[in-house]
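Summary of the model geometry
Take a look at the letters that make up each chain.
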Amino acid sequence: MPYGMMRKVTRRLMLLDAASLYFRAYFGVPDSVRAPDGTPVNAVRGLLDFIDRLVRDHRPDDLVACMDADWRPQWRVELIPSYKAHRVAAEHEVGPDEEEVPDTLSPQVPVIEDVLDTLGIARVGVEGYEADDVIGTFTARAKGPVDIVTGDRDLYQLVDDARGVRVLYPLKGVGTLQLTDEAVLREKYGVDGGGYADLALLRGDPSDGLPGVPGIGEKTAAKLLAEYGDLAGIMAAVDDPSARLTPSQRRRLDEARPYVAVAPRVVRVAGDVPLPDVDTALPREPRDPAGLDALAARWGLGGSLQRLLTTLRT
């Protein structure tokens with residue numbers, strides 16, 4: 001076989017749900033980790049440690065930090081007004097509402113963005129969309145296997161064994177990850193990736209302000225999906241007198257029709273986000289070494305940054 005044909009043809013893409021990971025870093029690393037001026041940098045250094053461990057353990061060819069340009073898109077709110085409403089710190093007439101974020105985390109987010117940019121790690125957020133939607137679109141376009149790193153179970157809907165798409169779900173830091181494939185989803189939830197969005201829609205999710213169908217919990221939703229295939233099949237059964245729904249299930253699903261009609265657009269991640277043209281290749285050297293040195297000194301990034309730089313070079 002010619003040498004050129006022996007080279008790696010299929011590239012592995014790793015997609016980071018950045019906000020999910022820096023929130024975990026913030027709460028997992030003590031706020032005694034501070035810059036020389038005393039400013040907390042626990043989320044910054046924790047995220048760098050996360051990325052270092054992920055690259056060392058999984059060796060992606062391409063890496064993208066996916067950002068929430070809009071954590072609560074208006075098009076989702078118009079469909080379900082309660083969507084993430086309990087997490088709004090301040091409403092704005094123009095632009096995204098302000099999310100409730102710990103006081104010492106908010107100032108660290110721009111630092112995280114600057115560090116990623118000077119490292120040369122692709123960072124993508126698209127106006128009007130959540131990071132989940134950016135991840136969904138990168139996944140839809142990928143020609144090779146995809147590892148999605150997130151603490152958000154909503155992204156289980158993208159798991160697809162046939163395409164090599166799995167979710168790396170942190171159980172403790174990122175040292176212990178649940179490698180979520182279709183077998184894990186079937187064991188835990190009784191559905192595959194494609195069925196997880198329907199399960200979540202029926203069950204609801206208080207953390208996202210999604211009411212679900214009253215009286216239909218996770219186990220009942222899984223049983224209904226096993227019996228009728230998908231959400232459309234379940235709703236068709238409501239209109240079928242011979243379907244083996246209990247009277248209570250039939251009534252509750254019938255009463256929930258307005259919610260069921262709009263919820264799929266809210267729950268399912270977008271796969272058609274207009275992504276910018278970015279170089280997603282994992283960098284071997286920093287894009288801006290001088291800028292990175294300045295950030296390292298300003299924020300006291302120390303060993304966390306040096307370990308990641310060493311990993312990127314190997």
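Residues numbered from 1 in each chain as written. Predicted model: local features only at pLDDT ≥ 70, side-chain atom pairs only at ≥ 80, totals over all residues. Heavy atoms only, no water.

Right, let's get into the overall build of the protein. Scanning the protein for helices and strands turns up 14 helices and eight strands. At 21 Å, the protein has a C-alpha radius of gyration in line with the 20 Å of a compact globule built from 314 residues. Dimensions of the protein, computed from C-alpha atoms along their principal axes, come out at roughly 70 × 60 × 35 Å. Evaluated residue by residue, the protein yields a buried proportion of 51% over its 314 residues. (Helix = DSSP H or I, 4+ residues; strand = E, 2+ residues; numbered from the N terminus. Rg over C-alpha atoms; globule rule 2.2 N^0.38 Å. Buried < 20%, exposed > 50% of the residue type's maximum accessible area, 1.4 Å probe, protein only.)

It is characteristic of soluble globular proteins that their nonpolar side chains tend to be buried jointly. The biggest cluster of nonpolar side chains holds 59 residues, and the ones touching the most others in it are L15, F138, I148, L202 and L253. If one sorts the elements of this core by residue count, helix α8 (residues 193–203) sits on top with six residues. Those residues within four positions of L15 in sequence are excluded, and the remaining contacts are V64, C66, I135, F138, T139, V146, D147, I148 and V149. Among the nonpolar cores identified, the runner-up in size contains 42 residues, and A18, A19, L48 and V109 belong to it. (Core = buried A, V, L, I, M, F, W, Y, C linked by side-chain atoms within 4.5 Å. Contact = heavy atoms within 4.5 Å.)

So, about helix α5 (residues 108–119). Between its first and last C-alpha atoms α5 spans 16 Å; for 12 residues at 1.5 Å apiece the expected length is 16 Å, and the two agree. By the burial criterion, the buried members of α5 are Q108, V109, V111, I112, V115, L116, T118 and L119. Looking at the buried side of α5, the elements it contacts are α2 (18–28), α3 (42–58), β2 (62–66), β5 (122–124), α13 (289–299) and α14 (302–313). G120 sits one or two positions beyond α5 and adopts a positive phi of about 95°. (Expected span 1.5 Å × (residues − 1).)

Inspection of α2 places A18, A19, S20, L21, Y22, A25 and Y26 among the buried residues, and these make up the whole buried set. Packing partners of the buried residues in α2 comprise β1 (13–17), α3, β2, α5, β6 (146–149) and β7 (165–172).

Tallying each qualifying case throughout the model produces seven aromatic pairs. Pairing Y189 with Y196 gives two aromatic rings, centres 5.3 Å apart and planes at 75°, and the pair type is edge-to-face. Each of the two residues, Y189 as well as Y196, counts as buried. Members of the aromatic cluster, joined through ring pairs, are Y156, Y169, Y189 and Y196. Seen from the ring of Y169, R24 lies directly overhead, with NZ or CZ sitting 5.5 Å from the centre. (Phe/Tyr/Trp six-rings, centres within 6.5 Å; stacked < 30°, edge-to-face > 60°. Lys NZ or Arg CZ within 6 Å of the ring centre and 35° of its normal.)

By the criterion of burial, β1 is predominantly enclosed, with five of the five residues buried. The alternating pattern of β1 places L13, L15 and D17 on one face and M14 and L16 on the opposite face, and all of these are buried. As defined by bridge partners, β1 adjoins β2 across five bridges and the pair is classed as parallel. Residue pairing in the sheet places L15 in a bridge with V64 of β2. In this sheet, β6 lies alongside β1 in parallel orientation, the contact comprising four bridges. Counterpart to L15 in the pairing with β6 is I148. (Pairing = 2+ DSSP bridges.)

In this section: the pattern of salt bridges. Enumeration according to the criterion identifies 21 salt bridges in this entry. Between R87 and D208 there is a salt bridge, with the nearest N and O atoms lying 3.1 Å from each other. With a gap of 121 residues between them, R87 in the loop between α4 (74–79) and β3 (88–90) and D208 in the loop between α8 and α9 (218–228) connect regions that are remote in the sequence. By sharing partners, the salt bridges in this structure join R76, K84, E130 and D133 into a single network. (Salt bridge = Lys/Arg side-chain N within 4 Å of Asp/Glu carboxyl O.)

So, on to the side chain of D62. Take D62: it is sitting in strand β2. A relative accessible area of 9% means that D62 is categorised as buried.

In the Ramachandran plot, R59 falls in the positive-phi region, its phi being about 45° despite a non-glycine side chain. Along the chain, the position of R59 falls in the loop between α3 and β2. The backbone of K84 shows a phi angle near 55°, a positive value even though the residue is not glycine. Position of K84 among the secondary structure elements: in the loop between α4 and β3.

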